[in-house]
Amino acid sequence: MSFGETPVTLVGNLTDDPELKFTDGGAALAKFTIAVTPRSFDRTANQWKDGTTAFYRCAAWRTLAEHVAESLGKGSRVVAAGRMRQHDWTTDQGEKRSMLAVEVDDIGASVRFTTVTVNAKRSGQSGPAGGDDPWATGGTAAGGADAEPPF
C-alpha cells in the first residue's frame, strides 16, 4: 500500500453475484457491492437494532477476481480488505463525474454465521497473466481516461 491511500475493511453481505469481465489486455475484473449494516444493542428495549445500511462498490483484479466470481454469490457474508479510491471520468455527454469505490486486495467468506469449505489453489493455477493494470496509467478497464470507471 502506498502512502496516502485510505485502507478499509468491510464486513457485510454481497448484494448480488459478482460480475466478472476481462479487459482488452486479458486481466480479469470482478465488480460487486457489499452492504454493511451497523448493529447496536438497545438496553431499554433489550434487543438489537439495525442502523442505516451503507453500500460499497468494489472491484477485484486478476486471479482474485476469478476466485471471487467462482466462490461468492448474492447474500454471501464477506470480510474484505482494500483501499478506498476516487475515480473521475467524463460521460459521453461531456459531464464530469466522480465516485468513491473500494479496490479489494483480499476477501473471504465470513464464518461467523456459517461454515465454508476451502479448496486451496496454488499460485498460477488459473487466470491470465498480470500486467494489465489500468490504474498504473491513469486509465480504466474500458481503455481511457474519459471512459467510465470499472465500478
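What this report covers is the structure whose coordinates are included nearby. Source: prediction; values computed, not measured.

Observations concerning helix 1 (residues 62-71)
- Burial in helix 1 covers these residues: R62, A65, E66 and V68. Down the axis of helix 1, the smallest arc covering the buried residues is 160 degrees, so these residues share one side. Those residues of helix 1 that are exposed and aimed more than 90 degrees away from the buried face are E70 and S71.
- The inward-facing, buried residues of helix 1 abut strand 2 (19-22), strand 3 (28-36), strand 6 (54-61) and strand 8 (96-109).

Things to note about the nonpolar core
- Within the largest apolar cluster, 17 residues are counted, with the highest numbers of intra-cluster contacts made by F32, I34, C58, V68, V104 and I107.
- Elements supplying a minimum of two residues to this core: strand 1 (6-14), strand 3, strand 6, helix 1, strand 7 (77-90) and strand 8.
- Tallying contributions element by element places strand 3 first for this core, with four residues.

Observations regarding the pairing of strand 7
- Both strand 1 and strand 7 contribute to a ladder of eight bridges, which runs antiparallel. Following the sheet pairing, G12 is matched in strand 7 by V78.
- Sheet analysis places strand 7 next to strand 8, joined by 13 bridges and oriented antiparallel. The partner of G82 across the bridge, within strand 8, is V104.
- In this antiparallel pair of consecutive strands, strand 7 and strand 8, the connection spans five residues, and G94 shows a positive phi of 85 degrees.

Comments concerning the packing of aromatic side chains
- With the rule as written, the count across this model stands at one aromatic pair.
- Ring centres 5.4 Å apart and planes at 70 degrees place the aromatic pair F41 and W48 in the edge-to-face group.

As for the pairing of strand 8
- Where strand 6 and strand 8 come together, two bridges link them in parallel fashion. Each bridged residue has a counterpart across the sheet, and for A59 the counterpart in strand 8 is E103.

Describing the layout of surface pockets
- Put simply, the largest pocket is a space of about 580 Å³.
- If you trace the largest pocket, you find 20 residues lining it, with H67, S71, T117, V118 and N119 closest to the centre.
- Contributing elements (two or more residues each) for the lining of the largest pocket: helix 1 and strand 8.
- Considering every element that reaches the lining of the largest pocket, the biggest residue donor is helix 1, with five residues.
- Partitioned by chemical class, the residues of the lining of the largest pocket number eight nonpolar, eight polar and four charged.

Rules of the game
- Residues numbered from 1 in each chain as written.
- Predicted model: local features only at pLDDT ≥ 70, side-chain atom pairs only at ≥ 80, totals over all residues.
- Heavy atoms only, no water.
- Buried < 20%, exposed > 50% of the residue type's maximum accessible area, 1.4 Å probe, protein only.
- Helix = DSSP H or I, 4+ residues; strand = E, 2+ residues; numbered from the N terminus.
- Arc of directions from axis to C-beta.
- Contact = heavy atoms within 4.5 Å.
- Core = buried A, V, L, I, M, F, W, Y, C linked by side-chain atoms within 4.5 Å.
- Pairing = 2+ DSSP bridges.
- Phe/Tyr/Trp six-rings, centres within 6.5 Å; stacked < 30°, edge-to-face > 60°.
- 1 Å grid on protein atoms, 1.4 Å probe; cavity = no way out; pocket = protein on both sides within 12 Å on 5 of 7 lines; lining within 4 Å.
- Points joined across faces, edges and corners; volume = space filled by probe spheres on them.
- Nonpolar A, V, L, I, M, F, W, Y, C, P; charged D, E, K, R; others polar.

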